[in-house]
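Observations on the three-dimensional arrangement
Residues per chain are reported as follows:
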Amino acid sequence: MNERAVSDAAENSPIWYLDRGRALFAGPLGRNAPHRHSTPVFLAGLYEKFQLRVGDGAWRSCRTAAIPAGLAYEFDMGGAPLAVLYAEASAAGADSLARLVRQAHDVSGARVGQDGEIVLLREMYEDRDSPSWIARGLDDLIGFAGRRERPVDPGMARVLDSLHESYADLRRVGAVAETVGLSPSRFQHVFTREIGVPFRRYRAWCRMRAAIRAVLDGGNLTAAAHTAGFADQAHFARDFRRTFGASATPTLTKVRRARPQCVTARPKRTCPAG
């Protein structure tokens, strides 16, 4: 593969992109402490392999990985660029993202590989104009992976829609359960089964998304924290570290902002290839 030198690639500004069903980060990273996400994620070392540890298992070298929602993991990129694709339950499941991993085997519930669908993500990172076509590129990539094997329960899908619109809604679980005609205990069981994480954890993810969006819209970290309903910047910083295993500042400053409504151009590649 005609891959650029990592030292040259690391000069690019990081990318953050969010829309209703996906989120993408691509940029240089170091060591991220153990963390777990509220959505399945696909990890791709854009130029080289990285070190990955799933749960309490051994460290291993890999190029790609698909991590289910709720599964703890950590990694060490050593300063090289990594792409992390977060796919909401409405867009894809862990089974779908696993199809983007090749030369793979299962590790404690994750799919870990030595190859995979990397090229399109690398183009997004290298092309300084990629914010104009990144959404279309993700359509292609997730379309290639395919949707989750089983659709989300309709009631839980309505709850997901509500959370994206009212992420600061802190009603008790029982009040939310009533909106889909379930008891609180049954609701929490079904939500966790369908989404992969408990309701409160997913609601916290929606708030985190809102804060990141506020930063991408030009706000500073303090303003973004208040916009998303955090008590203050320190509260946001603690939750960010818990969610991503690293500090907010390195990944949310000097980023290339990709807004969904700005998609006007086709990506360079319509069929992903690794």
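Shown above is the structure to which this text applies.
Here the residue index of a chain counts from 1 through its sequence in written order. Whole-chain, interface and lining totals are the exception, using all residues; otherwise, since this is a predicted model, local features are given only for residues with pLDDT of at least 70 and side-chain atom pairs are given and counted only at 80 or more. Hydrogens are left out, water is left out, and the side-chain values use all remaining heavy atoms of the structure.

**Some points on the environment of Ile-15**
How we decide: Only DSSP runs of H or I covering at least 4 residues are called helices, and only runs of E covering at least 2 are called strands; the numbering of each starts at the N terminus. A simple rule labels every residue: compare its accessible area, found with a 1.4 Å probe on the protein chains alone, to the largest value its type can have, and call it buried under 20%, exposed over 50%, or partly exposed in between. Any two residues having at least one pair of non-hydrogen atoms within 4.5 Å are treated as being in contact.
By the secondary structure assignment, Ile-15 is in strand S1 (residues 15–18). Owing to a relative accessible area of 1%, Ile-15 belongs among the buried residues under this scheme. Apart from residues no more than four positions distant in its own chain, Ile-15 is found in contact with Leu-24, Phe-25, Ala-26, Met-124, Tyr-125, Ser-130, Ile-134 and Arg-256.

**Quick word on the packing of helix H8 (residues 199–216) against helix H10 (residues 233–244)**
Counted only if it meets this: Comment: axis = line fitted to C-alpha atoms, over the contacting stretch for helices; angle = value between 0 and 180 degrees taken between N-to-C directions. For classification purposes, angles smaller than 35 degrees are called roughly parallel, those larger than 145 roughly antiparallel, those between 65 and 115 roughly perpendicular, and all remaining angles oblique. Handedness of a crossing follows from how the near helix is turned relative to the far one, being left-handed for an anticlockwise turn of less than a right angle and right-handed for a clockwise one.
Between H8 and H10, the shortest axis-to-axis distance is 11 Å and the interhelical angle comes to 115°. Taken together, the axes of H8 and H10 are roughly perpendicular relative to one another. The two elements H8 and H10 meet at a crossing, and its hand is left-handed. Counted together, Arg-201, Ala-204, Trp-205, Met-208, Ala-211 and Ile-212 of H8 and Phe-236, Asp-239, Phe-240, Arg-242, Thr-243 and Phe-244 of H10 form the full contact between these two elements.

**Comments concerning the nonpolar core**
Convention followed: As used here, the term nonpolar core means buried Ala, Val, Leu, Ile, Met, Phe, Trp, Tyr and Cys residues forming a set that is joined through side-chain atoms within 4.5 Å.
Membership of the largest hydrophobic core comes to 61 residues, with the highest contact counts inside it found for Trp-16, Leu-43, Leu-52, Phe-187, Phe-191 and Phe-236. The element that contributes the greatest number of residues to this core is H8, accounting for eleven residues. Excluding its chain neighbours within four sequence positions, the residues that come into contact with Phe-236 are Met-208, Ala-211, Leu-221, Ala-225, Phe-230, Ala-248 and Leu-252. Among the nonpolar cores identified, the runner-up in size contains 28 residues, and Leu-46, Ala-83, Ala-87 and Met-124 belong to it.

**Comments concerning the sheet that holds strand S3 (residues 31–35)**
The following threshold applies: For two strands to be treated as a pair, DSSP must find no fewer than two bridges joining them.
Judged by pairing direction, the sheet is antiparallel, and its four strands sit side by side in the order S3-S8-S5-S6 without closing on themselves. A strand with exactly one partner marks an edge of an open sheet, and here the two such strands are S3 and strand S6 (60–62). Between one strand axis and the next, the sheet turns through 25° on average, direction left out of account. Two elements, strand S5 (residues 50–54) and S6, share three bridges in a ladder whose sense is antiparallel. Bridging across to S6, Gln-51 finds its partner in Ser-61.

**Some thoughts on the pairing of strand S8 (residues 73–76)**
Bridge count for S3 against S8 is three bridges, and the pairing is antiparallel. From the neighbouring strand, Arg-31 faces S8, where its bridge partner is Asp-76. Of the pairings in the sheet, the one linking S5 to S8 comprises four bridges and is antiparallel in character. Following the sheet pairing, Val-54 is matched in S8 by Tyr-73.

**Points about the packing of aromatic side chains**
Each aromatic ring pair is summarised here by two numbers: the centre-to-centre distance and the angle between the ring planes. Here is the rule we go by: The aromatic pairing rule takes the rings of Phe, Tyr and Trp, using the six-membered ring of Trp, and pairs them if the centres are within 6.5 Å, calling planes under 30 degrees apart stacked, those over 60 edge-to-face and the rest tilted.
Within this structure, the stated rule accounts for 14 aromatic pairs. For the pair Tyr-86 and Phe-244, a centre-to-centre distance of 6.0 Å together with 85° between the ring planes defines the contact as edge-to-face. A residue pair is termed long-range when its members are at least 10 positions apart, and Tyr-86 in strand S9 (residues 81–87) and Phe-244 in helix H10 qualify at 158 residues. Using a relative accessible area of 5% as the deciding quantity, one classes Tyr-86 as buried. Among the residues examined, Phe-244 registers a relative accessible area of 5% and is labelled buried.

**Quick notes on H8**
We apply this condition: Multiplying 1.5 Å by the helix residue count minus one yields the expected span of that helix.
The terminal C-alpha atoms of H8 lie 26 Å apart, and with 18 residues this matches the ideal 26 Å at 1.5 Å per residue to within 8%. Across the 18 residues of H8, 15 count as buried, placing the element largely inside the fold. Once H8 ends, the next one or two residues include Gly-218, with phi positive near 110°.

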